[in-house]
Amino acid sequence: MPGISDSEIHEIVQQVVDKTLGLPAREPVSAAPAPQTVPSGKKIVAIGADHGGFELKEALKPELVTLGFEVNDLGTNSKDAVDYPDFAHAVAQAVGTGKAWRGIMIDGAGIGSCIVGNKVPGVRAGMAYDISSANNSREHNDTNMLTLGAGLIGVALAKQIVKVWLTTEFAGGRHTSRVDKIKSVEKQYLK
């Protein structure tokens, strides 16, 4: 249908099915916040790290600028021990509230920060450890937060992962209804 997106069609079909089955009406899944830019027109990428990811964060920041993005560094600012959930939460909040277009968080393994990111409404965090996982997380899952494990990958690979992740478009199509289902699950638990 012209003028109606796949996700809108999915929402209509879901409402018809729910009504037919006598299920209570669901609230529509809200659209993601509009991508944030700065006056220069550049998209904002929030980046954060714990002490284990600090050096990799610092190595990635110039790469982000080279790729044409505005960088919002949310810390940490040294190799002094800190707790990764604090910084992962800050990055996820920036993405979930629309203050950043995308977010990148680096800790020792990338796993804990991914868990934290996925607790924040509107965030679909994915951990990538190679180019294929970075590509898949964008194409299939429309991730908006990337987590990296500084103890698992080197700087050169991290730069490649970040570039692929930032430049890969969501494939849509059959993946749209799946991402919509992820959003629907999230909505069920929002209070």
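Caption draft 1: Structural detail: the sheet that holds strand β3 (residues 102-107). The strand order across the open sheet formed by five strands is β2-β1-β3-β5-β4, and the pairing between neighbours is parallel. Looking at which strands have only one partner, the edges of the open sheet turn out to be β2 (70-73) and β4 (125-127). Each strand of the sheet is rotated relative to its neighbour by a mean of 25°, with strand direction disregarded. Strand direction decides the pairing type here: strand β1 (residues 44-49) and β2, joined by four bridges, are parallel. Bridge pairing links isoleucine 44 to glutamate 70 in β2. Here helix α2 (residues 54-66) sits on the sheet and contacts β1, β2, β3 and β5 (145-149); the angle it forms with β1, its principal contact strand, is near 165°.

Caption draft 2: Main features of the side chain of asparagine 144. Among the secondary structure elements, asparagine 144 is positioned in the loop between α5 (131-139) and β5. Classification of asparagine 144 by relative accessible area gives buried; the value is 10%. At a separation of 2.9 Å, a polar atom in the side chain of asparagine 144 contacts the main-chain carbonyl oxygen of glycine 122. Reaching out from asparagine 144, the side chain makes a polar contact with the backbone nitrogen of arginine 124 at a distance of 2.8 Å. In this view, asparagine 144 contacts Val95, Trp101, Arg102, Gly103, Gly122, Val123, Arg124 and Trp165; residues no more than four positions away in its chain are not counted.

Definitions and limits used
Residues numbered from 1 in each chain as written. Predicted model: local features only at pLDDT ≥ 70, side-chain atom pairs only at ≥ 80, totals over all residues. Heavy atoms only, no water. Pairing = 2+ DSSP bridges. Helix = DSSP H or I, 4+ residues; strand = E, 2+ residues; numbered from the N terminus. Axes fitted to C-alpha atoms, helices over the stretch in contact; angles between N-to-C directions. Contact = heavy atoms within 4.5 Å. Buried < 20%, exposed > 50% of the residue type's maximum accessible area, 1.4 Å probe, protein only. Polar contact = N/O pair within 3.5 Å; in protein donor to acceptor, adjacent residues only side chain to side chain.

By themselves, these observations are geometric and do not establish any function.
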